[in-house]
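# Examination of the molecular architecture
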Amino acid sequence: MTTPLADVAASGATLRAFLHGLPGVDRVGADQRAKMLGTRSIKTTAKAEAIDLAIRMVDLTTLEGADTPGKVRAMCAKAAHPDPSDPSVPKVAAVCVYPDLVGLAVEALGGSGVKVASVATAFPSGRSSLEVKVADTALAVAAGADEIDMVIDRGAFLAGDYLKVYEEIAAIKAACARPGDEHGAHLKVILETGELATYDNVRRASWLAMLAGGDFIKTSTGKVQPAATLPVTLIMLEAVRDFLAATGRKVGVKPAGGIRTTKDAIKMLVLVNETVGEGWLDPDWFRLGASTLLNDLLMQRQKLATGRYAGPDYFTLD
Amino acid sequence: MFEYAPAPESRDVVDIKPSYGLFIDGEFVDGAGTSFKTVNPATEEALAEVAAASQADVDRAVQAARKAFGAWSAMPGSERAKYLFRIARIIQERSRELAVLETLDNGKPIRESRDVDLPLVAAHFFYYAGWADKLGYAGYGPAPKPLGVAGQVIPWNFPLLMLAWKIAPALACGNTVVLKPAETTPLTALLFAEICRQADLPPGVVNIVTGAGETGAAVVNHPDVNKVAFTGSTEVGRLIARSVAGTGKKVTLELGGKAANVIFDDAAIDQAVEGIVDGIFFNQGHVCCAGSRLLVQESIAEELLESLKRRLSRLRLGDPLDKNTDIGAINSAEQLARVRELSDIGEAEGAERWSPACTLPERGFWFPPTVFTGVAQSHRIARDEVFGPVLAVLTFRTPAEAVEKANNTPYGLSAGVWTEKGSRILWMADRLRAGVVWANTFNKFDPASPFGGYKESGYGREGGRHGLEAYLDV
């Protein structure tokens with residue numbers, strides 16, 4: 001990677017100096033800004049557009065110990081055709097599964113245009129050796145994953161060993177390469193902001209992930225609370241905005257975990273619109289990681305079109 | 001994508017009468033002066049015809065207040081508190097109505113009247129209701145006495161909030177009041193009069209007389225008024241100070257400001273940018289404590305201004321009743337003329353003027369958010385209070401220079417300091433000659449916190465325990 005900031009990772013000391021030299025984040029101010037943007041009132045035509053955009057941005061996710069081939073196939077069918085009764089509903093951006101189910105998802109989605117993302121690197125805790133994490137990633141890439149959602153080593157980050165986190169991300173990025181595929185799998189870097197605790201850490205981890213080559217930065221695994229809060233997403237959006245200005249490279253953002261309602265999703269879109277602008281209002285640059293959000297989006301979409309709410313039984317549960 | 005569709009708050013929640021009288025002794029009565037129209041500054045549409053109080057009307061109001069004072073001041077504090085709590089609750093219940101009316105009459109965005117003004121108004125009444133039976137513990141002796149009749153004159157920038165700041169402490173301490181709202185924004189005060197009736201407040205405890213400057217002068221100069229409270233321009237404040245000198249009337253004046261918002265190079269930049277926006281563009285800059293002078297450390301000036309301009313280009317100017325509007329209308333043609341004049345002077349003096357691309361509505365009084373860079377302390381836009389959405393940007397090199405420039409103004413109402421270094425905040429706060437110093441925030445208000453100025457920004461404090469002193473015979 002050649003960016004104007006390539007040399008900041010020359011050593012642990014330079015990396016630390018750089019990350020600690022980033023402007024701080026004032027928690028009260030960030031919370032207040034996110035709260036104010038949460039009061040935006042998105043109605044009628046704007047709401048209809050927002051709902052369709054949000055559907056196109058969904059990474060439909062199942063990350064359970066109990067996931068089975070049947071469960072994953074059903075979810076893939078829903079991802080390609082979210083509402084079987086209404087062909088005007090767009091398909092979602094991707095499905096997100098564990099590495100061992102990638103092959104199955106690729107097969108189930110063949111030709112639909114829905115991407116397959118896989119978590120990797122000893123998800124969700126990230127507690128394993130680099131060798132295991134690379135192998136975990138390679139397994140998913142070989143099985144045809146379009147995107148890899150890795151977790152950072154929060155222990156190393158909190159211990160101040162930023163270089164270890166950086167090198168691990170770079171190694172996973174290398175493992176995303178695929179013979180005959182120029183770009184390889186897209187790398188999303190999960191910061192698990194609920195464990196980083198402070199907004200200063202969120203900003204530093206965002207820059208660390210981008211410097212190390214991440215294509216996307218993602219808030220959470222969904223296994224830790226709090227997950228994708230508005231202020232945390234705001235800070236990550238500010239980071240990708242500033243990173244683009246500093247390096248010329250554009251990075252995507254994916255809030256994941258706890259986004260359950262259409263209202264939550266629209267607040268996220270407002271945040272994107274008023275922080276980084278419409279350049280990020282596209283599934284290539286912004287995703288919503290969620291499992292239950294899609295049905296609420298479908299329900300609100302139908303309500304807007306018909307003026308009535310259909311009962312939950314009219315929306316499929318896959 | 002992503003254009004927000006119009007999301008207007010319904011104006012049907014408020015019933016505006018074609019004409020309004022004065023509120024004297026618990027009744028709405030005609031005024032002897034020439035009535036006037038109050039207009040919606042966003043559309044120039046006339047909202048209602050409002051009575052003007054003559055000297056004789058003011059005299060009747062003061063007499064009504066005097067008559068009510070005996071029983072009101074003799075009432076146990078716990079009983080007065082019940083009325084204040086009741087008023088506070090009715091304000092909360094009718095807050096949507098009050099917010100819409102405030103926005104219609106004043107031009108401020110509904111988001112601000114709904115989320116800032118009205119919650120603070122109710123909070124102020126709740127806060128002083130709590131003091132009414134505890135005055136003996138406020139530090140002014142075991143049983144401090146009220147002053148009598150308070151004559152209060154308030155401005156148009158926060159019509160209902162300034163009313164709350166004046167009436168709540170006065171009533172809690174056992175005074176009765178004659179209040180004159182601003183000529184361009186009388187409607188919420190008249191709705192408040194209706195709320196006083198709804199709360200069964202004894203007649204004469206609150207009297208509201210509408211009118212222009214002469215009505216205000218009649219209130220201030222009335223010989224039977226014991227206390228004068230004024231919020232408004234330094235110019236009028238001077239006149240008032242002169243006219244009450246030697247009369248034995250107690251006075252508090254809350255006047256103009258030209259606050260410095262000081263940004264150090266180690267500030268949390270994104271939040272500082274928000275703070276600059278809140279500081280000067282909140283309420284179209286019609287805020288006496290607005291952060292109208294941005295003092296930014298030279299080493300980050302360029303970067304900060306770039307961020308600020310990017311942020312300003314996302315401000316949404318337009319219909320104040322739209323829930324997504326950030327910048328509303330200038331309150332009056334007169335004020336718009338003043339903002340235009342001072343901005344033109346700024347340009348003529350050589351400062352660089354910048355505004356984001358934004359379309360101003362055809363009707364109504366509008367001015368785009370404006371930033372002047374390359375401003376020197378000697379420029380008028382760095383010295384005169386513009387009272388509009390106009391920011392003057394200056395730079396400094398060291399903390400000492402920041403303090404020197406911040407204090408180099410005849411005003412001293414507020415200041416802001418932005419740094420991640422706690423010790424520097426304390427160092428600055430010790431040296432800034434301003435009644436309020438905000439650290440890593442701006443334009444934050446709380447009824448428990450005293451507010452008031454140094455130098456030509458006035459004297460006395462409103463809010464908090466300190467605010468009681470202005471209404472007690474101590």
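Once a new chain begins, its residue numbering starts again from 1 and follows that chain's sequence as written. Going through the entries in the order they are written, you letter the chains from A and number the ligands from 1. Restriction of local features to residues with pLDDT of at least 70 applies here, the model being predicted, together with a cutoff of 80 or more for giving and counting side-chain atom pairs; totals for whole chains, interfaces and linings are based on all residues. No hydrogens and no water enter the side-chain calculation; it runs on all heavy atoms of the structure.

### Overview of the pattern of salt bridges
Salt bridge, as used here: a side-chain nitrogen of Lys or Arg that lies within 4 Å of a carboxyl oxygen of Asp or Glu. For the coordinates displayed, the defined rule picks out 47 salt bridges over all chains. Note that A:Asp59 and A:Lys188 form a salt bridge whose closest N and O atoms lie 3.1 Å from each other. With A:Asp59 in strand S1 (residues 58-61) and A:Lys188 in strand S5 (residues 186-190), the pair connects residues that are 129 residues apart, well separated along the chain. Each of the two residues, A:Asp59 as well as A:Lys188, counts as buried. The partner of B:Glu462 in a salt bridge is B:Lys166, and the shortest N-O contact between them spans 2.6 Å. With a gap of 296 residues between them, B:Glu462 in the loop between strand S18 (458-459) and helix H15 (466-469) and B:Lys166 in helix H5 (residues 159-172) connect regions that are remote in the sequence. Overall, B:Glu462 belongs to the buried group, its relative accessible area being 9%. Here the salt bridges do not stand alone but share partners, grouping A:Asp59, A:Glu147, A:Asp149, A:Lys188, A:Lys218, A:Lys254 and A:Arg287 into one network. Under the DSSP-based scheme used, a helix requires at least four consecutive residues in state H or I and a strand at least two consecutive residues in state E, with every element numbered from the N terminus. Remark: exposure states derive from per-residue accessible area (1.4 Å probe, protein chains only) relative to the maximum for the residue type, with buried under 20%, exposed over 50%, and partly exposed in between.

### Observations concerning the nonpolar core
The nonpolar side chains of a soluble globular protein tend to be buried, and buried together. Take the buried residues of types Ala, Val, Leu, Ile, Met, Phe, Trp, Tyr and Cys, join any two whose side-chain atoms come within 4.5 Å, and each joined set is a nonpolar core. B:Ile91, B:Phe125, B:Leu163, B:Phe192, B:Val206, B:Ile208 and B:Ile263 are the most contacted members of the largest nonpolar core, which totals 114 residues. Top element by residues in this core is H5(B). It accounts for 11 residues. Mapped onto the domain boundaries, this core takes at least three residues apiece from domain 1 (11-255 + 454-469) and domain 2 (260-439) of chain B. The contacts of B:Ile263, once residues within four sequence positions are left out, are B:Ala272, B:Ile276, B:Leu294, B:Leu295, B:Val296, B:Gln297, B:Ile300, B:Leu304, B:Phe396 and B:Trp418. Residues A:Met36, A:Val95, A:Cys176 and A:Val232 belong to the second largest nonpolar core, which totals 105 residues. An automatic or database domain assignment provides the domain bounds reported here. Note on contacts: a residue pair is in contact if any heavy atoms of the two residues lie within 4.5 Å.

### Side note on the environment of B:Leu22
Residues and elements named next belong to chain B. Structurally, Leu 22 can be placed in strand S2 (residues 22-24). For the pair Leu 22 and Val 474, spaced 452 residues apart in the sequence, the C-alpha separation amounts to 32 Å. When residues no more than four places from it in sequence are discounted, the contact partners of Leu 22 are Glu 27, Phe 28, Val 29, Asp 30, Gly 31, Ala 51, Ala 52, Ala 53, Asp 57, Ile 208, Val 209 and Thr 210.

### Comments concerning the interface of chain A and chain B
Taken together, the 33 residues of chain A in the interface contact 26 residues of chain B. Interface area, chain A with chain B, both sides summed: about 2400 Å², of which 46% is carbon and sulfur. At the boundary of chain A with chain B, the tally comes to four salt bridges. Notably, a salt bridge pairs B:Asp270 with A:Arg241, separated by 2.7 Å at the nearest N-O pair. Pairs of N or O atoms are called polar contacts if they sit within 3.5 Å, as long as, within protein, a hydrogen donor faces a hydrogen acceptor (for residues adjacent in sequence, only side-chain-to-side-chain pairs). Taken together, the connections running from chain A to chain B amount to 13 residue pairs in polar contact (both at pLDDT 80 or more). Looking at the side of chain A that touches chain B, the elements that each hand over two or more residues are helix H2 (27-37), helix H3 (44-57), helix H11 (230-247) and helix H12 (262-275) of chain A. When residues of the side of chain A that touches chain B are assigned to their parent elements, the largest contribution, six residues, is made by H3(A). For this classification, Asp, Glu, Lys and Arg are treated as charged, while Ala, Val, Leu, Ile, Met, Phe, Trp, Tyr, Cys and Pro are nonpolar and the rest, including Gly, are polar. Partitioning the side of chain A that touches chain B into residue classes produces 12 nonpolar, 10 polar and 11 charged. Summed over both partners, the accessible surface that disappears when two parts come together, traced with a 1.4 Å probe, is what is meant by buried area.

### Things to note about the sheet that holds strand S1 (residues 19-20) of chain B
Residues and elements named next belong to chain B. Strand pairing is defined by DSSP finding a minimum of two bridges between the two strands. With mixed pairing, the three strands of this open sheet are ordered in space as S1-S5-S4. On the outer flanks of this sheet lie S1 and strand S4 (36-40), each paired with one strand and no other. Pairing geometry for S4 and strand S5 (residues 45-50), over five bridges, is antiparallel. Residue pairing across strands places Phe 36 opposite Val 50, the latter belonging to S5. This element, helix H3 (residues 95-106), spans S4 and S5 of the sheet and lies at about 105° to S4. Contacting S1, S4 and S5, helix H6 (residues 187-198) crosses the sheet at an angle of about 50° to S5. The angle between two axes is taken between their N-to-C directions and runs from 0 to 180 degrees, where each axis is a line fitted to C-alpha atoms and a helix contributes only its stretch in contact.

### Some details on the packing of aromatic side chains
A pair of Phe, Tyr and Trp rings is counted when the ring centres sit within 6.5 Å of each other, with Trp represented by its six-membered ring. The angle between the planes then sorts it: under 30 degrees is stacked, over 60 is edge-to-face, the rest tilted. Tallied over the full model, the rule gives 18 aromatic pairs over all chains. A ring pair is formed by B:Trp165 and B:Phe451, whose centres lie 5.1 Å apart and whose planes are at 65°; its orientation type is edge-to-face. Remark: B:Phe451 occurs in the loop between strand S17 (436-439) and S18 and B:Trp165 occurs in helix H5; sequence separation between them is 286 residues. Classification of B:Phe451 by relative accessible area gives buried; the value is 5%. Their ring planes at 55° and their centres at 6.0 Å tell us that B:Phe445 and B:Phe451 sit as a pair that is tilted. By the burial criterion, B:Phe445 is buried, and B:Phe451 matches it. The structure contains a cluster of three or more aromatic residues connected by ring pairs, namely B:Trp165, B:Trp438, B:Phe442, B:Phe445 and B:Phe451. Working rule: Lys NZ or Arg CZ, within 6 Å of ring centre, within 35 degrees of ring normal, means a charge sits over the ring. Positioned over the ring face of A:Trp280 is A:Lys250, at 4.7 Å from the centre of the ring. Above the plane of the ring of B:Tyr471 lies B:Lys227, whose end atom (NZ or CZ) is 4.8 Å from the centre.

### A look at the domain arrangement of chain B
Residues and elements named next belong to chain B. Under the domain assignment used here, chain B contains domain 1 (11-255 + 454-469) and domain 2 (260-439). With centres defined by C-alpha atoms, the gap from domain 1 to domain 2 works out at 30 Å. Taken together, the contacts link 32 residues of domain 1 with 33 residues of domain 2. Of the roughly 2800 Å² buried where domain 1 meets domain 2, counting both sides, 56% is carbon and sulfur surface. In terms of surface lost to domain 2, no three residues of domain 1 exceed Trp 156, Tyr 454 and Lys 455, which account for 21% of the buried area on that side. Our count for the domain 1 to domain 2 interface comes out at one salt bridge. Across the salt bridge formed by Arg 111 and Asp 326, the nearest N and O atoms sit 2.8 Å from each other. Here domain 1 is connected to domain 2 by 18 residue pairs in polar contact (both at pLDDT 80 or more).

### What about the sheet that holds strand S7 (residues 252-254) of chain A?
Residue and element names in this part refer to chain A. Read across the sheet, eight strands follow the order S7-S6-S5-S4-S3-S2-S1-S8 without closing on themselves; strand pairing throughout is parallel. The sheet is open, and its two borders are formed by S7 and strand S8 (288-290), each paired with just one other strand. If you compare each strand with its neighbour and ignore which way they point, the axes differ by 25° on average. In terms of strand pairing, S1 meets S8 through three bridges, oriented parallel.

### Some remarks on helix H11 (residues 333-348) of chain B
Structurally, the α-helix is built with 3.6 residues per turn, so residues lying three or four positions apart point the same way. All names here are of chain B. By this rule the span expected of a helix is its residue count minus one, scaled by 1.5 Å. With 16 residues, H11 extends 22 Å between its outermost C-alpha atoms, agreeing within 8% with the 22 Å of an ideal straight helix rising 1.5 Å per residue. Every buried residue belonging to H11 is among Gln 335, Leu 336, Val 339, Leu 342, Ser 343 and Gly 346, and all of these are buried. In a view along the axis of H11, the buried residues occupy a sector of 135°, so they form one face of it. The exposed residues of H11 that point more than 90 degrees off its buried face are Glu 334 and Ala 348. Those residues of H11 that are buried lie in contact with strand S13 (352-354), strand S14 (370-373), helix H12 (380-383) and strand S15 (390-396). Phi turns positive one or two residues past the end of H11, at Gly 350, with a value near 105°. Starting at the helix axis, one direction is taken to each C-beta atom, and the arc is that of these directions.

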